[in-house]
Amino acid sequence: MYVVGIDLGGTNIAAGVVDENYNIVGRGKIKTRAPRPAEEIADDMIAAVEMAISDAGLTKEDIEWVGVGAPGTINPITGVIGFSNNLQFNNVPFKSLLEERFNAKFYIENDANAAAFGEFLAGAGRGTKNLVAITLGTGVGGGIIVDGKLIVGSNFAGGELGHVVIQKDGELCTCGRKGCWEAYASATGLIRQTKQAMEKDKNSVMWEICGGDINNVNGRTAFDAMRMGDKTGKEVVDNYIEYLACGIVNVINIFQPDVLCIGGGISKEGETILEPIRKYVEYNVFSKNIDKQTVIKTAELGNDAGIIGAAFLENLYK
């Protein structure tokens, strides 16, 4: 059996042919070039699918169905993207657009949910029943799986873990609310915190790392400085990890998953962030006196999580 998963991002359209063992056997990628009309993006998504099928040495007839993970609020039953800031879509019947262009059944889900489902099936959560996947990127994405089912709420807009407030009247979030976890724990938040610290400490090695240009700051800057013994860099990292861990405690207190996995570029720091997060959680989590505790680990599938999860969305909605 072969299916196709598409990870539709603001930068790239990544398609993959996936076999029944969750192996990606063919790939296709095209730049998204958003914002532009939904019809044009749909055309390129089908082109990426065809590239992946060709790369796998297969034909359209070999494909059982196609799944799509896309950013935004999505009704998986109707296939309508209600709102997507990254794509600038409003009430777009995207599933219909795709099925008009490719003779197969399509399934569509929020991209963070699709990535979480991929980790559940074939990554950090395989063999479990309950998983929360956190993705640290431009924002903080979240996917929640309880008893093998995605938790999306009555209007399919649930699971927005990045928009739980951890600091009343705190930093302004892109959603318009103040103090959201996303404003502090995302890569964007880390970069802002790094720049603020650099402005206060003109002697920090972070200036050297950035070649004297604060616009060169990225999510690694403070971590690299910390490893070089820079006090200010360490303070940035320590504060960032505490923000991240605070939100993770909230998530565990609510869902008590078997596994909570962390993905995104910052997760590549591995035990540098995981060890202090575990200590913070162990001390602060409500269930500290219970034998069974949530396992906190990095996500395993990287950018493939969205493709694999999308490819098997049929399992959720059949």
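What counts, and where the lines are drawn
Residues numbered from 1 in each chain as written. Predicted model: local features only at pLDDT ≥ 70, side-chain atom pairs only at ≥ 80, totals over all residues. Heavy atoms only, no water. Pairing = 2+ DSSP bridges. Helix = DSSP H or I, 4+ residues; strand = E, 2+ residues; numbered from the N terminus. Axes fitted to C-alpha atoms, helices over the stretch in contact; angles between N-to-C directions. Salt bridge = Lys/Arg side-chain N within 4 Å of Asp/Glu carboxyl O. Buried < 20%, exposed > 50% of the residue type's maximum accessible area, 1.4 Å probe, protein only. Core = buried A, V, L, I, M, F, W, Y, C linked by side-chain atoms within 4.5 Å. Contact = heavy atoms within 4.5 Å. Left-handed = near helix turned anticlockwise from the far one by under 90°. Nonpolar A, V, L, I, M, F, W, Y, C, P; charged D, E, K, R; others polar. Right-handed = clockwise from strand over helix to strand, strands pointing away.

Caption draft 1: The arrangement of the sheet that holds strand β6 (residues 80–84) in detail. Overall, antiparallel pairing links the three strands, which are arranged β5-β6-β7 in an open sheet. Only two strands of the sheet have a single partner each, and these edge strands are β5 (73–75) and β7 (89–92). The average angle at which neighbouring strand axes cross in this sheet is 15°, direction not considered. One ladder, built from three bridges, connects β5 with β6; its direction is antiparallel. The partner of Asn75 across the bridge, within β6, is Val80.

Caption draft 2: Quick peek at the pattern of salt bridges. Applying the stated criterion across every chain, the model contains 19 salt bridges. With a closest N to O distance of 2.9 Å, Asp304 and Arg27 form a salt bridge. One end of the pair, Asp304, is in helix α10 (residues 304–311); the other, Arg27, is in strand β3 (residues 24–31), and 277 residues separate them in sequence. Among the residues examined, Asp304 registers a relative accessible area of 23% and is labelled partly exposed. With a relative accessible area of 43%, Arg27 lands in the partly exposed category. A salt bridge links Asp169 to Lys168, with the nearest nitrogen and oxygen atoms 2.8 Å apart. By relative accessible area, which is 59% here, Asp169 ends up exposed. When salt bridges that share partners are traced, they join Arg33, Arg36, Glu40 and Asp44 into one network.

Caption draft 3: Looking closely at the nonpolar core. If you look at the biggest cluster of nonpolar residues, it comprises 45 residues, and the most contacted ones within it are Trp181, Ile248, Leu260, Ile277 and Ile296. Here this core takes 10 residues from helix α8 (residues 231–255), the largest share from any one element. Apart from the residues lying within four places of it in its own chain, the contact partners of Ile296 are Ile248, Ile252, Leu260, Ile262, Leu274, Ile277, Arg278 and Val281. Formed by 33 residues, the second largest nonpolar core is a distinct cluster that contains Ala15, Ala48, Ile74 and Leu97.

Caption draft 4: Representation of the sheet that holds strand β1 (residues 2–8). Strands sit in the order β3-β2-β1-β4-β8 across an open sheet of five strands; the sheet is mixed. This sheet does not close on itself; its edge strands, each paired only once, are β3 and β8 (105–110). Adjacent strand axes in the sheet meet at a mean angle of 20° when their direction is disregarded. Both strand β2 (residues 12–19) and β3 contribute to a ladder of seven bridges, which runs antiparallel. Paired with Val17 across the bridge in β3 is Gly26. Sitting on the sheet, helix α1 (residues 38–55) touches β1, β2, β3, β4 (63–70) and β8, and the angle it makes with β3 is about 150°.

Caption draft 5: A look at the packing of helix α5 (residues 187–200) against α8. Contact geometry for α5 and α8: axes closest at 10 Å, N-to-C directions at 145°. Of the two possible hands of crossing, α5 and α8 adopt the one that is right-handed. Where α5 abuts α8, its residues Leu190, Gln193, Thr194 and Ala197 lie against Thr232, Val236, Tyr240 and Tyr243. Class assignment of the residues belonging to the contact of α5 with α8 gives a composition of five nonpolar, three polar and no charged.

Caption draft 6: Fine view of the pairing of strand β12 (residues 259–263). Most of β12 is tucked away: five of the five residues are buried. Taking every second residue as pointing to the same face, both faces of β12 are buried, with Val259, Cys261 and Gly263 on one and Leu260 and Ile262 on the other. As judged from the five bridges shared by strand β9 (residues 131–136) and β12, these two strands associate in the parallel manner. Along β12, the bridge assignment pairs Ala133 with Cys261. Judged from the four bridges that link them, β12 and strand β13 (residues 295–298) form a sheet pairing that is parallel. Considered in β13, the bridge of Leu260 is made with Ile296. A crossover links β12 with its parallel partner β13, the connecting element being helix α9 (residues 271–284), and its sense is right-handed.

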